[in-house]
Amino acid sequence: MLEWKDIANKTRNLLATKNFPEARQEIQMGLEKLPNQINLLMIANDIYRASGDRDRSLEYAELLITHHPDKWQGYICAAQDLFALKRFEEGQKRIQAGLEKLPNQINLINLEKSLEEAMNIPEKATHLSVINQNGSREHYYHFLIGVLLPLINWKITAHGKIDGPVLMRSCAILDKHLISLDIPKLAIKKKIDFQLSEHFCSNVESICGYDFPEKYDSNKIRLASNYLIARADKLNHKYFKKARESSLPRVLMINRSKPNEFYNSPESEKKTTGNQRRSIPNFQEMCDGIQKYYPEIIELEDLDLYSQIALFNCADIVIAQHGAALANIVFCKQNTIILEIAYGKHREHFSNLASSLNLKYVHLNQGGDHSPVEIEAFNCAFSKVIGTFV
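Note that the structure is predicted; figures quoted are calculated from it, not measured.

Reading the values: the criteria
Residues numbered from 1 in each chain as written. Predicted model: local features only at pLDDT ≥ 70, side-chain atom pairs only at ≥ 80, totals over all residues. Heavy atoms only, no water. Pairing = 2+ DSSP bridges. Helix = DSSP H or I, 4+ residues; strand = E, 2+ residues; numbered from the N terminus. Axes fitted to C-alpha atoms, helices over the stretch in contact; angles between N-to-C directions. 1 Å grid on protein atoms, 1.4 Å probe; cavity = no way out; pocket = protein on both sides within 12 Å on 5 of 7 lines; lining within 4 Å. Points joined across faces, edges and corners; volume = space filled by probe spheres on them. Nonpolar A, V, L, I, M, F, W, Y, C, P; charged D, E, K, R; others polar. Parallel < 35°, antiparallel > 145°, perpendicular 65-115°, else oblique. Left-handed = near helix turned anticlockwise from the far one by under 90°. Contact = heavy atoms within 4.5 Å. Buried < 20%, exposed > 50% of the residue type's maximum accessible area, 1.4 Å probe, protein only. Core = buried A, V, L, I, M, F, W, Y, C linked by side-chain atoms within 4.5 Å. pLDDT = per-residue confidence, 0-100. Phe/Tyr/Trp six-rings, centres within 6.5 Å; stacked < 30°, edge-to-face > 60°. Lys, Arg positive; Asp, Glu negative; His and termini not counted. Salt bridge = Lys/Arg side-chain N within 4 Å of Asp/Glu carboxyl O.

(A) How the structure looks around the sheet that holds strand E1 (residues 126–131). If you walk across this open sheet you meet the 4 strands as E3-E2-E1-E4, and the pairing is parallel. In this open sheet, the two strands that pair with only one neighbour each are strand E3 (186–189) and strand E4 (203–208). The mean angle between the axes of side-by-side strands here comes to 25 degrees, regardless of whether they run parallel or antiparallel. Strand direction decides the pairing type here: E1 and strand E2 (residues 166–169), joined by 2 bridges, are parallel.

Following this line, the structure appears as structure tokens:
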């Protein structure tokens, strides 16, 4: 017996690879066999929406309302499609129809509030989409390299030409770093508000993130990171002062801390972070073994952006387990040594990033994501690294 889940899985795989022709064909065959099945209708709406055909996606949204009037999804999809088609009054009516049927439905209530806000957007507002690659902008690696650095370059090259407010999608708890940039008139919006606001902005722009390890754009990354390094230095950051007073090689050791509770909450796009994902149980033993070099031992999760910039820019040697904290090597000076501790197959994210930025990369294997590091192997690796400064 054919089940809708089989069709859905096959179709979603095609959609994930943007194979729209085959995805459309597959969903049509599925709906012929299982007419008006709610999950298949929603997938059909997704397919045509993703391929840019809002008229056809609207047709499936209307079928959702017709055949499943007690479900909120049809009203939401229809309203969003109508807004994209600039048919705002009709979109409002779909929301109202949904609320009449389902007066306490939170998604419909939120969409109505978002619509009210979007309709009051100033005429000269710019809707800026920063499109990061294959990961959540709520996690630091994709946030920094996929969102923040491209935003800085956009600010450098374009912001002087922008008259009104700049609308940008929220990065959840990492918004604090966006706010610290002091970009005039930057307005950070929740995902649903940001998506809706596009249809009411006179200027719509999109820029691509740099967070794809296969080919980092080192020129763009350096342009943005140098801007931020200069800003951190101008703020007379204490870490720069401390580094200038030291004659020893500056060793920075990064420990993974407990994750912010946000990453275990329903609001998080992708669950878990920090030492939930990876840890080094004998981290302190590693630190003790190199204590004569006075390593700076840091947990980054609660540090402000400019402290992180200064720490990495002042370091001569960075030691860290594989993880998002190593995205900060974009702020390192050329020839800084990056010692990455990672389990299993060699991971290209930070070796490629280090290579593209003319940093020196060393890999040290770990027995498991939460296994102790072999102290003898670590001491041997560190001795070779520190020996380059003697």
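(B) The arrangement of the layout of surface pockets in detail. There is about 1400 Å³ of room inside the largest pocket. Surrounding the largest pocket, 28 residues form its lining, Arg49, Ala50, Arg169, Lys191 and Gln195 being those nearest its centre. When residues of the lining of the largest pocket are traced back to their parent elements, those giving at least two are helix H1 (4–16), helix H3 (38–50), E1 and helix H10 (191–197). A total of 5 residues in the lining of the largest pocket trace back to one element, the largest contributor, which is H10. Class assignment for the residues of the lining of the largest pocket results in 9 nonpolar, 10 polar and 9 charged. Taken together, 39 residues make up the lining of the second largest pocket; nearest its centre are His139, Tyr140, Thr273, Ala324 and Ala325. Sorting the residues of the lining of the second largest pocket by element identifies helix H8 (140–158), helix H9 (175–179), strand E7 (317–321) and helix H15 (348–356) as the ones contributing at least two each.

(C) Structural detail: the packing of H3 against helix H4 (residues 54–67). With their axes 7 Å apart at the nearest point, H3 and H4 run at an angle of 165 degrees to one another. In this view, H3 runs roughly antiparallel relative to H4, as classed from their interaxial angle. The handedness of the crossing between H3 and H4 is left-handed. On the side of H3, the interface is formed by Ile38, Leu41, Met42, Ala44, Asn45, Tyr48 and Arg49, while H4 contributes Arg54, Arg56, Ser57, Leu58, Tyr60, Ala61, Leu63 and Leu64. Here the contact of H3 with H4 is built from residues that sort into 10 nonpolar, 2 polar and 3 charged.

(D) The sheet that holds strand E6 (residues 296–298), seen in detail. Pairing in this open sheet of 5 strands is parallel, and the strands run E6-E5-E7-E8-E9 from one edge to the other. Across the chains shown, the open sheet's two edge strands, defined by having one partner strand only, are E6 and strand E9 (360–366). Averaged over all pairs of adjacent strands, the angle between their axes in this sheet comes to 15 degrees, without regard to strand direction. The sheet contact formed by E7 and strand E8 (residues 337–343) spans 5 bridges and is parallel. In the sheet register, Ile317 faces E8, and the bridge partner there is Ile337. Against the sheet, helix H14 (residues 305–314) touches strand E5 (251–254), E6 and E7, its axis set at about 130 degrees to E5.

(E) A look at the environment of Gln334. Structurally, Gln334 can be placed in the loop between E7 and E8. The class for Gln334 is exposed, based on a relative accessible area of 51%. The sequence separation of Gln334 and Leu359 amounts to 25 residues, and the corresponding C-alpha distance is 5.3 Å.

(F) The arrangement of the nonpolar core in detail. Membership of the largest hydrophobic core comes to 62 residues, with the highest contact counts inside it found for Leu144, Leu148, Leu181 and Phe312. For this core, the leading source of residues is H8, giving 12 residues. In terms of nonpolar packing, the next biggest core, distinct from the first, is built from 23 residues, Leu82, Ile95, Leu102 and Leu108 among them.

(G) The arrangement of the confidence of the model for the protein in detail. With 98% of its residues at a pLDDT of 70 or more, the protein shows a mean pLDDT of 90. Within the protein, the lowest mean pLDDT, 77, falls on helix H12 (residues 238–244), and the highest, 97, falls on E7.

(H) Representation of the environment of Leu196 in the model. Examined against the element boundaries, Leu196 turns out to sit in helix H10. Distance from Leu196 to Phe83, taken between C-alpha atoms, is 7.6 Å for residues 113 residues apart in sequence. In this structure Leu196 touches Phe83, Leu111, Ser114, Leu115 and Ala118, once residues within four positions along its chain are discounted.

(I) Geometry of the pairing of E7. Along E7, 5 of the 5 residues are buried, which leaves the element largely enclosed by surrounding structure. Pairing between E5 and E7: 4 bridges, direction parallel. Bridging across to E7, Ile254 finds its partner in Ala320.

(J) Quick peek at the packing of aromatic side chains. The full count for this structure, using the stated rule, is 8 aromatic pairs. Judged by centre distance (5.6 Å) and plane angle (15 degrees), the ring pair of Tyr48 and Tyr60 falls under stacked. With a gap of 12 residues between them, Tyr48 in helix H3 and Tyr60 in helix H4 connect regions that are remote in the sequence. Of the two residues, Tyr48 and Tyr60, both sit in the buried class. Three or more aromatic residues link up through ring pairs in this structure, and these residues are Phe83, Phe88 and Phe200.

(K) Local environment of the side chain of Glu138. As for its position among the elements, Glu138 is in the loop between E1 and H8. Within the buried core, Glu138 has no salt-bridge partner, and the shortest N-O distance to an opposite charge, that of Arg169, equals 4.9 Å. For Glu138, the residues in contact, after removing those within four places along its chain, are Cys171, Ala172, Leu174, Phe262, Tyr263, Glu267, Ser268 and Glu269.

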